[in-house]
Amino acid sequence: MKYLFLVAISLLISCQTPRKELTAQEIIDKAMQAAGADKVANANISFDFRDKSYEAIRKNGVFQLKRSFDSITDVLSNQGFQRFVHGNQMQLSDSLTNVYANSVNSVHYFSVLPYGLNDAAVRKKLLPSTNIQGKEYYKIEVTFSENGGGEDFEDVFIYWIDAQSFMMDYLAYSFHTNGGGKRFRAIKNAAIVEGIRFVNFDNYQPKSEAISLSDLDTAFKKKQLEKVSEIVLENLKVKL
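Calculation criteria
- Residues numbered from 1 in each chain as written.
- Predicted model: local features only at pLDDT ≥ 70, side-chain atom pairs only at ≥ 80, totals over all residues.
- Heavy atoms only, no water.
- Core = buried A, V, L, I, M, F, W, Y, C linked by side-chain atoms within 4.5 Å.
- Buried < 20%, exposed > 50% of the residue type's maximum accessible area, 1.4 Å probe, protein only.
- Helix = DSSP H or I, 4+ residues; strand = E, 2+ residues; numbered from the N terminus.
- Contact = heavy atoms within 4.5 Å.
- Lys, Arg positive; Asp, Glu negative; His and termini not counted.
- Salt bridge = Lys/Arg side-chain N within 4 Å of Asp/Glu carboxyl O.
- Polar contact = N/O pair within 3.5 Å; in protein donor to acceptor, adjacent residues only side chain to side chain.
- Pairing = 2+ DSSP bridges.
- Axes fitted to C-alpha atoms, helices over the stretch in contact; angles between N-to-C directions.

Ranked by internal contacts, the top residues of the largest apolar core, which has 40 residues, are Ile-45, Tyr-109, Leu-113, Phe-157, Tyr-159, Ile-161 and Leu-171. Secondary structure elements with two or more residues in this core: α2 (24–35), β1 (44–49), α3 (94–111), β8 (135–144), β9 (156–162), β10 (168–175) and β12 (196–206). Ranked by residues supplied to this core, first place goes to α2 with five residues. Discounting residues that sit within four places of it in the chain, Leu-113 has contacts with Tyr-159, Met-168 and Leu-171. Membership of the second largest hydrophobic core comes to 17 residues, among which are Tyr-137, Phe-184, Leu-216 and Phe-220.

Structure representation (structure tokens):
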């Protein structure tokens, strides 16, 4: 009987269909679908972040990304960047234009991830899967081509995507502006608004510069990161 039981178990295991190995592109596609990213391309999204108000208007490839604070309104669009003070357009140097445009774009970019990860300049690489908080995650490294990758094309990102739900719960990136550094963001909470998933994060940096970007998940589990801020979108509104 013991022999028959072992044979039955062996047959059951052999009959199970192994999980299909997915490519980095397939994982990102599933993550975007799970997050409702397809809706972002034709939506008006507004929120407050820290002491500033943001609004993104996207329609069929035409976009306006706005930031407002005090008497200043910044607008990044297909036509470029403009700054208005009390409704009057300001003339800016090229260096200031780039700084302000990157600042506006960065907040809007992070707010709707994984939307944007199928842009032409994005390069995706599948890294070995990992386990965080008892869940298995796909691990995707994203880099950018110089052509179309923007001012910060040398930055490197890593996204951790739940292997079951395909939700993006963690991300990390290295950057070169303001002296450079690395950050790791861990999900704080998430909300679904008009079918689009938005995530608030706890933001960490490594305690040691020797910790590599790809090892930040391991460092997080070993408590080798220190929390530096929270990424929280408030007064979130979406109109499709």
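Having seen it, we continue.
Along the chain, Arg-185 turns up in strand β11 (residues 181–193). No salt bridge is formed by the buried Arg-185. Its closest oppositely charged neighbour is Asp-202, at 10 Å. A polar atom in the side chain of Arg-185 sits 3.3 Å from the side chain of Tyr-173.

A separate point is the sheet that holds β8. If you walk across this open sheet you meet the seven strands as β7-β8-β9-β10-β11-β12-β13, and the pairing is antiparallel. Two strands lie at the open edges of the sheet, namely β7 (122–132) and β13 (225–231), each paired on one side alone. Geometrically, the sheet is characterised by an average inter-axis angle of 25° between neighbouring strands, direction not taken into account. As paired elements, β12 and β13 share six bridges and run antiparallel to each other. Paired with Pro-206 across the strands is Leu-225, a residue of β13. Sheet strands touched by α2: β7, β8, β9 and β12. Its angle to β7, the strand with the most contacts, is close to 80°.

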